[in-house]
Amino acid sequence: MTAIASFYDEYNAVIDLPAEYYLDTIKIVFQEHPPANGTWHVRGQRVAPEDIKTVRLFSIEGELDDIPGSGRRRRRTTVQRYTKIAQQHIDRNRVGHYGIFSGRRWREMIYPAHFRRFHSADA
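Calculation criteria
Residues numbered from 1 in each chain as written. Predicted model: local features only at pLDDT ≥ 70, side-chain atom pairs only at ≥ 80, totals over all residues. Heavy atoms only, no water. Helix = DSSP H or I, 4+ residues; strand = E, 2+ residues; numbered from the N terminus. Buried < 20%, exposed > 50% of the residue type's maximum accessible area, 1.4 Å probe, protein only. Areas by Shrake-Rupley, 256 points an atom, 1.4 Å probe, with all protein chains shown as cover. Salt bridge = Lys/Arg side-chain N within 4 Å of Asp/Glu carboxyl O. Core = buried A, V, L, I, M, F, W, Y, C linked by side-chain atoms within 4.5 Å. Patch = residues over 30% accessible without salt bridge, like charges linked within 9 Å, V, L, I, M, F, W, Y side chains within 5 Å.

Engineer: Explanation requested: the overall build of the protein chain in the structure shown.
Structural biologist: In terms of helices and strands, the protein chain carries 7 helices and 4 strands. Counting all 123 residues of the protein chain, 27% fall into the buried class. A total of about 8,800 Å² of accessible surface is found on the protein chain, and carbon and sulfur atoms cover 53% of it.

The structure is reproduced here in structure tokens:
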């Protein structure tokens, strides 16, 4: 299998997700933000961000990320009101949504310099 075929095989894996699940995730996480706003309910019970006392937050913004767009860094302030946070944020040029999580850009630009160090930090 060529590198390009391998990339698209993994990239297109979201096609296997039910459309309702995929679209609901996009709506909840990137459009309406109910988890951060304290208005998210699961099985009739409110998810209370104020009950979370300690969290590690590692946010990454890719210049070419066309899924959530820019500004995720600003959204983390809602979580900061409630918790003790070990946090790190990085911005990466020439990285799209897929590259933030997988592939060569992940291996070369995100994981080596940041994730390992943050992952071992004390919260």
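Here the narrative resumes, following the displayed structure.
Engineer: When you look at the side chain of H33 in this model, what are you seeing that I'm missing?
Structural biologist: In this fold, H33 is placed in the loop between α2 (19-32) and α3 (34-37). The class for H33 is buried, based on a relative accessible area of 18%.

Engineer: So what exactly am I meant to see when it comes to the pattern of salt bridges here?
Structural biologist: A side chain with one charge can pair with a side chain of the opposite charge if their charged atoms come near. Inspection of the entire model under this criterion finds 2 salt bridges. Measuring nitrogen to oxygen at the nearest pair gives 3.0 Å for the salt bridge that ties E50 to R46. Taking the relative accessible area as the measure of exposure, E50 reaches 27% and is therefore partly exposed. What makes R46 partly exposed here is its relative accessible area of 35%. We note a salt bridge from E108 to R104, for which the minimum N-O separation is 3.4 Å. Within this pair, E108 and its partner R104 are both found in helix α7 (residues 103-119), separated by 4 residues, close to a single helical turn. Judged by relative accessible area, R104 falls into the partly exposed class, the value being 44%.

Engineer: Whenever I open this one, the nonpolar core confuses me. Can you help?
Structural biologist: Generally speaking, nonpolar side chains in soluble globular proteins are found buried as a group. Among the nonpolar cores identified, the biggest contains 7 residues, and these are F58, I60, I90, V95, I100, M109 and I110. Residue assignment for this core shows that the elements contributing at least two residues are β3 (54-62) and α7.

Engineer: Teacher, can you tell me more about the environment of G62 here?
Structural biologist: Tracing the backbone through its elements, the reader meets G62 in strand β3. Residue class for G62 comes out buried when judged on its relative accessible area of 13%.

Engineer: I tried to follow the environment of P49 on my own but got confused; where do I start?
Structural biologist: By the secondary structure assignment, P49 is in the loop between β2 (45-46) and β3. For the pair P49 and T39, spaced 10 residues apart in sequence, the C-alpha separation works out to 9.4 Å.

Engineer: Quick question: what am I supposed to make of a nonpolar patch on the surface here?
Structural biologist: On the surface, L17, Y21, Y22, L23 and I67 cluster together into a nonpolar patch covering about 480 Å² of accessible area. Counting through the fold element by element, L17 comes out in the loop between α1 (3-11) and α2. Take L17: its relative accessible area is 35%, and that puts it in the partly exposed class.

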